[in-house]
Amino acid sequence: MTKIVLEMQQVSQAYARQWVVKDLSLTLHKGEIGCLLGASGCGKTTVLRTIAGFEPLLRGRIVLNDQVVSRQHLTIPPARRAIGMVFQDYALFPHLTLFENVAFGLRNLERGERIVRVTEMLELVGLDKDHARYPHEISGGQQQRVALARALAPKPELLLMDEP
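### A few points about the side chain of Ser 12
Argument step 1. Mapped onto the elements, Ser 12 comes out in strand 1 (residues 4-15).
Argument step 2. Side-chain polar atoms of Ser 12 contact the backbone nitrogen of Asp 23, separated by 2.9 Å.
Argument step 3. Residues contacting Ser 12, with those up to four places away along its chain left out, are Trp 19, Val 21, Lys 22, Asp 23, Leu 57, Leu 58 and Arg 59.

### A look at the pattern of salt bridges
Argument step 1. Using the criterion set out here, one finds 5 salt bridges in the structure.
Argument step 2. Glu 120 is paired through a salt bridge with Arg 117; the nearest N and O atoms lie 3.3 Å apart. Of this pair, Glu 120 and Arg 117 are both found in helix 3 (residues 111-124), 3 residues apart, which corresponds to roughly one turn of the helix.
Argument step 3. With relative accessibility at 13%, the residue Arg 117 sits in the buried group.
Argument step 4. One salt bridge connects Asp 128 with Lys 129, and the closest N-O pair in it is separated by 3.8 Å.

### Points about the sheet that holds strand 3 (residues 59-64)
Argument step 1. Taken in spatial order, the 5 strands make up an open sheet running 2-1-3-4-5, and their pairing is antiparallel. The open sheet has two free edges, formed respectively by strand 2 (18-29) and strand 5 (74-75), since each of these has just one partner strand.
Argument step 2. Summarising the sheet, strand 4 (residues 67-71) and strand 5 pair through 2 bridges and their orientation is antiparallel. Each bridged residue has a counterpart across the sheet, and for Arg 71 the counterpart in strand 5 is Leu 74.
Argument step 3. Contacting strand 1, strand 2, strand 3 and strand 4, helix 1 (residues 44-52) crosses the sheet at an angle of about 120 degrees to strand 1.

### Comments concerning helix 3
Argument step 1. The terminal C-alpha atoms of helix 3, which comprises 14 residues, lie 20 Å apart, in line with the 20 Å expected from a rise of 1.5 Å per residue.
Argument step 2. All of the buried residues in helix 3 are Arg 117, Val 118, Met 121 and Leu 122. What you see down the axis of helix 3 is that its buried residues fit within an arc of 130 degrees, all on one side.
Argument step 3. Of the residues trailing helix 3, Gly 126 is marked for its positive phi of about 75 degrees.

Quick notes on the rules
Residues numbered from 1 in each chain as written. Predicted model: local features only at pLDDT ≥ 70, side-chain atom pairs only at ≥ 80, totals over all residues. Heavy atoms only, no water. Helix = DSSP H or I, 4+ residues; strand = E, 2+ residues; numbered from the N terminus. Polar contact = N/O pair within 3.5 Å; in protein donor to acceptor, adjacent residues only side chain to side chain. Contact = heavy atoms within 4.5 Å. Salt bridge = Lys/Arg side-chain N within 4 Å of Asp/Glu carboxyl O. Buried < 20%, exposed > 50% of the residue type's maximum accessible area, 1.4 Å probe, protein only. Pairing = 2+ DSSP bridges. Axes fitted to C-alpha atoms, helices over the stretch in contact; angles between N-to-C directions. Expected span 1.5 Å × (residues − 1). Arc of directions from axis to C-beta.

Structure representation (structure tokens):
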């Protein structure tokens, strides 16, 4: 049996006393792809933000790789979760080049390793020749690919994508 990467148990979230997500449970094993489907405003982004650690959990618990990362009154910070996140609006830094955007989360690597990893990721998404350009100089689709490269660069255990 494959390892469980993500387990959500009876997760509930609300904003201003309005339930957005109520009693959601799901399990993802290593190598599986999960997809949240639903109407606009039904809580898909809230679920992703909660898994990533950007939203505190009201009820239930979230377990990543056998570690509880969220429950009521406990939220392990996003940087300690080994999760890559591609946001709906890509969240690229406009003042950084494509290379610098992808390198942003790799500060723990030596300079040479960082250069190799960023180059690999930009090659993967077909933008290695554009590494010195800025986000406003490329198309929306290319921006999305840079956001994907940045999310994959640190080799996350789990990749979350909001409206890919």
